[in-house]
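An overview of the molecular structure
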Amino acid sequence: VGLVLGLIAAFGIELLDRRLVRVATFESIFGRPVLAVLPHVSDPAPIAAGHLAFVPARFVEELRSLTVMLRLSGNPDPPRTIMVTSALPREGKSTVTRDLAVVYAEGGARVLVIDGDLRRPSMERLFEIKAERGLVQVLRGEASLSDARVTAITSSPEVDAASNGHAAASPHSSTAPTLRGSVDVLAHGERLASPLALMSSERMITVIEDAYEEYDIVLIDTPPVLTVADSVPLLELVDSVLLVARLGQTTRQAADRFKDLIDRLPDVTFSGVIANDRRDQVDDDGYGSYGHGYYSGTKRSRRERKAN
């Protein structure tokens, strides 16, 4: 009797627990590939010997693969303006944005990170910078992009000429990688209780277009899409949308709501999901460093959408 009651209780708990704990479930629910699977680490945005340009060793290959898949998915026009968001808070989108920017810079890209989360900004903390002005001042017309941005990471002077400029650091190295590119940050500027009007303004379109002309990659960290509407206007302005979903925290209901939102916006290029915080006990067969899905769809560029 005890065994039967225990089995019934376990089955009931599983039915009531709507959290997604398997990577394969993300693909079936979101209808998009899992582009990267990031394991659980104690510090996802570490500082090594004072170097900001440092990504956890267990993230490096996954994020490198992600940049390659994004480039191939947009052939012949790879996405250059990329929005990184989540469905709900505490999924890890901001740290993923920070680490992805470093990986792009490692490959030689000039990267701009825009802190579009004006309610709970985090880029100043993650990059250890101090900005007197930011996105809010630019959107209000009180400063230009060039005046407000702050250089967080510059190219490493120690790039080995013999290596033809390629980073020589091992992905398993505990030291900061050698960078051929750079990372600038447009911080938030100030916290706002209701930033929707600014985020949906024509000035925001101009900021993205100016950044597009000057940088190789523009990463925009935004608030969770289902929590506030601040980031919704940006969905159709960028070349690619990446969703960060934390295993064991993202719920089926949140995933369904996000998918419904994306399906109602025909001009959104939702490239795929970054499965975050994978732990051994919830790992999937075939979803390790070499098993995540591959996306090779076609997309219209931002300029083509605007022209239409």
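Thresholds, definitions, all that
Residues numbered from 1 in each chain as written. Predicted model: local features only at pLDDT ≥ 70, side-chain atom pairs only at ≥ 80, totals over all residues. Heavy atoms only, no water. Helix = DSSP H or I, 4+ residues; strand = E, 2+ residues; numbered from the N terminus. Expected span 1.5 Å × (residues − 1). Buried < 20%, exposed > 50% of the residue type's maximum accessible area, 1.4 Å probe, protein only. Pairing = 2+ DSSP bridges. Axes fitted to C-alpha atoms, helices over the stretch in contact; angles between N-to-C directions. Contact = heavy atoms within 4.5 Å. Core = buried A, V, L, I, M, F, W, Y, C linked by side-chain atoms within 4.5 Å. Phe/Tyr/Trp six-rings, centres within 6.5 Å; stacked < 30°, edge-to-face > 60°. Lys NZ or Arg CZ within 6 Å of the ring centre and 35° of its normal. Left-handed = near helix turned anticlockwise from the far one by under 90°.

Focus on helix H4 (residues 93-106)
Since one α-helical turn is 3.6 residues long, residues separated by three or four positions face the same way. The terminal C-alpha atoms of H4 lie 20 Å apart, and with 14 residues this matches the ideal 20 Å at 1.5 Å per residue to within 8%. Counted residue by residue, H4 has 14 buried out of 14 residues, so it is predominantly covered. One or two positions beyond H4, positive phi appears at Gly 108, with a value near 105 degrees.

Observations regarding the sheet that holds strand E8 (residues 270-278)
Strand-to-strand pairing in sheets goes through backbone hydrogen bonds, with the strands running parallel or antiparallel. Pairing within the open sheet is mixed, and its 8 strands lie in the order E1-E8-E7-E2-E6-E3-E5-E4. At either margin of the open sheet sits one strand with a lone partner, and together these are strand E1 (34-39) and strand E4 (150-153). Pairwise comparison of adjacent strand axes, ignoring direction, gives a mean angle of 25 degrees for this sheet. One ladder, built from 4 bridges, connects strand E2 (residues 81-85) with strand E7 (residues 240-246); its direction is parallel. Pairing of Ile 82 across the sheet is with Ser 240, part of E7. In this fold helix H2 (residues 23-30) packs onto E1, E7 and E8, with an angle of close to 155 degrees to the strand it touches most, E8.

Quick word on the nonpolar core
Counting 49 residues, the largest nonpolar core has Phe 26, Leu 135 and Leu 186 as its most contacted members. Of the residues forming this core, the biggest block, 5 residues, is contributed by helix H10 (residues 252-263). One finds Leu 70, Ala 101, Ala 131 and Ala 152 within the second-largest nonpolar core, a separate group that totals 41 residues.

What about the packing of aromatic side chains?
Within this structure, the stated rule accounts for 4 aromatic pairs. Aromatic side chains Phe 30 and Phe 270 sit 6.4 Å apart centroid to centroid with 85 degrees between the ring planes, which places their arrangement in the edge-to-face category. In this pair, Phe 30 is assigned in helix H2 and Phe 270 in strand E8, connecting sequence segments 240 residues apart. For Phe 30, a relative accessible area of 0% translates into the label buried. What links up through ring pairs into an aromatic cluster is the set Phe 26, Phe 30, Phe 258 and Phe 270. Cation over ring: Arg 80 sits above Tyr 212, and NZ or CZ is 4.0 Å from the ring centre.

Describing the packing of H2 against H10
Look at H2 against H10: their axes get within 9 Å of each other, and the N-to-C directions meet at 35 degrees. Relative to H10, H2 is oriented so that their crossing is right-handed. Residues Thr 25, Ile 29 and Phe 30 of H2 form the contact with H10, whose own contacting residues are Arg 252, Ala 255, Asp 256, Phe 258 and Lys 259.

Things to note about unusual backbone geometry
With a phi close to 55 degrees, Glu 128 is a non-glycine residue in the positive phi region. Checked against the element boundaries, Glu 128 lands in the loop between helix H5 (123-127) and helix H6 (135-139). Look at Asp 277: it is not a glycine, yet its phi comes out positive at around 65 degrees. Examined against the element boundaries, Asp 277 turns out to sit in strand E8.

Things to note about the pairing of strand E5 (residues 182-186)
With respect to burial, E5 is a largely interior element, 5 of its 5 residues being buried. Inspection of the sheet shows strand E3 (residues 110-115) paired to E5 by 5 bridges, in the parallel sense. Of the residues in E5, the one forming a bridge with Leu 112 is Asp 184. As defined by bridge partners, E4 adjoins E5 across 3 bridges and the pair is classed as antiparallel. Looking at E5, one finds that Val 150 is bridged to Val 185.

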